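Structural overview
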Amino acid sequence: MKLPLFKLEDYLSEREFSSDIMFSGSDMEAFLMQDILKLAKSEILDIWNNLKLSYTYPLGNPLLLDELNKKYQLNNCSENICTFSGAEEGIYAALNSILNKDDHVIIFSPCYQSLKEIPNNICEVSEVQLKFLNNKCFFDISEVSRLIKPNTKMIIFNFPHNPSGTIISKEELKYLIDLSRKHGLYIFSDEVYRGLEVNHSDQLPYIASEYEKGISLGVMSKSYGMPGLRIGWLAMQDKKLLKKISNMKHYLSICNSAPSEILALISLQNEDHIYSRNLSILNNNLKLISTFFKEHDSVFEWYPPKGGCIAFPKLKLKRPVYDFCEELRIKEHIVLLPGDIFDHSHNHFRVGFGRLNMPEALSRLKRYIQTEKL
Ligand SMILES: Cc1ncc(COP(=O)(O)O)c(C=O)c1O
């Protein structure tokens, strides 16, 4: 499979580690390993101290699978859940296992590039476009039914959404499930930002628990703040499908990193602690960033996110947003992500507010605006 340049990862890899502050990161402030180990129960600490650095179970450490299954409540975690090296490998394995060249897929755009490019490389893709109106951004899900064709096989979405932070309602999700059931479609639901909803009542159920052809994608990277673990997973009711997808893993990572599995297990067992730390950073940062963008409404249009740690404001100036982000990076050493990277051409950019150094990034952005008299 020949894939096009991964614009987002390429853009960030050239800038993230050579700048002072990543101001568009889509993951929460990363935890220190020592802080995770402090949370471990004594029996898990025993496992950690005596861990053999051997190959691990193909689907994932059974203790980890059991812990994950508490979320989805599926019949048998060893047949319904498979772990992967990050969410990325899960996306690759699932979409390549399910889709064929005569299929048609509906995606929600803009989106994380692999949710679009992997299907695009295999089959026909139709897009439901993000809309912006009165400082709100949303998807009109009634468009989905109009896009369905006889060969449509799957709907792919991601809520809370990257890059906008929007979320469809529970009623809209139910509508999509009913529609998919009627047409026999798979739903691939990228749930990597689940848990970071601004209002908890907006949290959507796991698709794997709700729908027999639903596939849930989760990961330790985003809402947990542990991208360095590279532990992601897929959950689904269809055991035969899981077997087919997990076969693809034999050609990719084979198994997870053994230490990462234990660190993920400890974190999941202490999920309340992890989320309460993350939500407190998020709530604080979201207040600051919302105030900032509202105060600078001659320069920016602010679209408040409903979840996740990212938002997709618009630069109102006549200048191309790509140039704005580049100049800001050179002058203030902070990295924003222009919408061009998502093939979105309306002068929006992605900003991240999950990190502890976000207030400093905000003050550098403010200084830039004042110095340049924007
Ligand atoms: C929506 C979405 N899905 C999947 C991924 C990939 O996650 P990971 O880095 O954990 O593989 C990302 C990363 O930014 C993402 O934003």
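Definitions and cut-offs
Residues numbered from 1 in each chain as written. Predicted model: local features only at pLDDT ≥ 70, side-chain atom pairs only at ≥ 80, totals over all residues. Heavy atoms only, no water. Helix = DSSP H or I, 4+ residues; strand = E, 2+ residues; numbered from the N terminus. Rg over C-alpha atoms; globule rule 2.2 N^0.38 Å. Buried < 20%, exposed > 50% of the residue type's maximum accessible area, 1.4 Å probe, protein only. Contact = heavy atoms within 4.5 Å. Areas by Shrake-Rupley, 256 points an atom, 1.4 Å probe, with all protein chains shown as cover. Lys, Arg positive; Asp, Glu negative; His and termini not counted. Charge placed at Lys NZ, Arg CZ, Asp CG, Glu CD. Pairing = 2+ DSSP bridges. Axes fitted to C-alpha atoms, helices over the stretch in contact; angles between N-to-C directions. Core = buried A, V, L, I, M, F, W, Y, C linked by side-chain atoms within 4.5 Å. Domains from an automatic or database assignment. Expected span 1.5 Å × (residues − 1). Near = heavy atom within 4 Å. Polar contact = N/O pair within 3.5 Å; in protein donor to acceptor, adjacent residues only side chain to side chain. Salt bridge = Lys/Arg side-chain N within 4 Å of Asp/Glu carboxyl O. Buried area = accessible area lost by both parts, 1.4 Å probe. Phe/Tyr/Trp six-rings, centres within 6.5 Å; stacked < 30°, edge-to-face > 60°. Lys NZ or Arg CZ within 6 Å of the ring centre and 35° of its normal.

Concerning the overall build of the protein
When helices and strands are counted, the protein shows 15 helices and 15 strands. Taking 21 Å as the expected radius of gyration for a compact globule of 374 residues, we find that the protein reaches 21 Å, a close match to that expectation. When its C-alpha atoms are laid out on the principal axes, the protein stretches across 60 × 55 × 40 Å. In the protein, which comprises 374 residues, the share counted as buried stands at 57%. Residue pairs in contact within the protein that sit at least 24 positions apart in sequence constitute 75% of those at least 6 positions apart. With the model as given, the accessible surface of the protein reaches about 16,300 Å², and the carbon-plus-sulfur share is 51%. For the protein, the distance from the average site of its 44 positive side-chain charges to the average site of its 46 negative ones is 2 Å.

Digging into the sheet that holds strand E8 (residues 214-219)
Strands in a sheet are paired, the pairing made by backbone hydrogen bonds, and the direction either parallel or antiparallel. Strand order in the open sheet formed by eight strands is E2-E9-E8-E7-E6-E3-E4-E5, with mixed pairing between adjacent strands. Single-partner strands in this sheet number two, and they are strand E2 (81-85) and strand E5 (136-139). Between one strand and the next, the sheet's axes are offset by a mean angle of 20°, whatever the strand orientation. Sheet topology places strand E7 (residues 186-190) next to E8; four bridges connect them, and they run parallel. Its bridge partner lying in E8, phenylalanine 188 is registered against isoleucine 215. Most of the contacts of helix H6 (residues 86-98) go to E2, to which it runs at about 120°, and overall it touches E2, strand E6 (152-158), E7, E8 and strand E9 (231-236).

Some details on the nonpolar core
Among soluble globular proteins, nonpolar side chains are generally buried collectively. If you look at the biggest cluster of nonpolar residues, it comprises 102 residues, and the most contacted ones within it are Phe23, Phe188, Ile289 and Phe300. Element by element, the count of residues in this core is highest for helix H13 (residues 271-295), at eight residues. Counting only domains with at least three residues in this core, you end up with domain 1 (7-32 + 272-366) and domain 2 (54-270). Apart from residues lying up to four places away in sequence, phenylalanine 300 is in contact with Phe292, Phe293, Lys314, Leu315, Lys316, Phe324, Phe349, Leu365 and Ile369. In terms of nonpolar packing, the next biggest core, distinct from the first, is built from 25 residues, Val128, Val144, Ile187 and Phe312 among them.

Details of H13
Counting along an α-helix, one turn takes 3.6 residues, and residues three or four places apart therefore face a common direction. Taking 1.5 Å per residue, 25 residues should reach 36 Å; H13 reaches 36 Å between its end C-alpha atoms and fits that length. Buried within H13 are the following residues: Ile274, Tyr275, Asn278, Ile281, Leu282, Asn285, Leu286, Ile289, Ser290, Phe292 and Phe293. Buried positions along H13 lie against helix H2 (33-37), helix H12 (258-269), strand E10 (300-301), strand E15 (349-352) and helix H15 (358-371).

Examining the site of the ligand
Neighbouring the ligand are 15 residues; Asn162, Asp190, Tyr193, Ser221 and Lys222 lie closest to it. Between alanine 87 and the ligand, the recorded distance is 3.0 Å, taken from a backbone N or O atom to an oxygen atom. Residue lysine 222 places a side-chain N or O atom 2.6 Å away from an oxygen atom belonging to the ligand. In isolation the ligand exposes 400 Å². Once the protein is present, 94% of that is buried.

Observations regarding the pattern of salt bridges
Inspection of the entire model under this criterion finds 24 salt bridges. A salt bridge links lysine 149 to glutamate 124; the nearest nitrogen and oxygen atoms lie 2.4 Å apart. Taken as a pair, lysine 149 in the loop between helix H8 (142-147) and E6 and glutamate 124 in strand E4 (residues 124-133) lie far apart in primary sequence, 25 residues in all. A relative accessible area of 33% means that lysine 149 is categorised as partly exposed. Among the salt bridges present, the one from lysine 331 reaches glutamate 372, with a minimum N-O distance of 3.1 Å. Separated by 41 residues along the polypeptide, lysine 331 in helix H14 (residues 321-332) and glutamate 372 in the segment after H15 bring together distant segments of the chain. Judged by relative accessible area, which is 28%, glutamate 372 ranks as partly exposed. Through salt bridges with shared partners, one network takes in Lys7, Lys116, Glu127 and Asp343.

Side note on the domain arrangement of the protein
One can read the domain layout of the protein as domain 1 (7-32 + 272-366) and domain 2 (54-270). Here the C-alpha centre of domain 2 lies 24 Å away from the C-alpha centre of domain 1. Facing the 35 residues of domain 1 at the interface are 36 residues of domain 2. Looking only at domain 1, the three residues that lose the most surface to domain 2 are Tyr275, Tyr303 and Lys306, adding up to 23% of its buried area. A salt bridge links lysine 116 to aspartate 343; the nearest nitrogen and oxygen atoms lie 3.7 Å apart. Our count for the domain 1 to domain 2 interface comes out at 19 residue pairs in polar contact (both at pLDDT 80 or more).

Details of the packing of aromatic side chains
The relation between two aromatic rings is expressed through the spacing of the ring centres and the mutual angle of the planes. Throughout the structure, instances matching the rule amount to 21 aromatic pairs. Measuring from centroid to centroid gives 6.1 Å for phenylalanine 312 and phenylalanine 342, while their planes differ by 75°, and the two rings are edge-to-face. Here phenylalanine 312 is found in the loop between strand E11 (310-311) and strand E12 (314-315), whereas its partner phenylalanine 342 is found in the loop between strand E14 (337-338) and E15, with 30 residues between them in sequence. You can call phenylalanine 342 buried: its relative accessible area is 6%. What links up through ring pairs into an aromatic cluster is the set Phe292, Phe293, Phe300, Trp302, Phe324, Phe349 and Tyr368. The ring of tyrosine 186 carries lysine 213 above its face, with NZ or CZ at 4.2 Å from the centroid. Across from the ring centre of phenylalanine 84, 5.8 Å away, lies the NZ or CZ of lysine 249, which sits over that ring.

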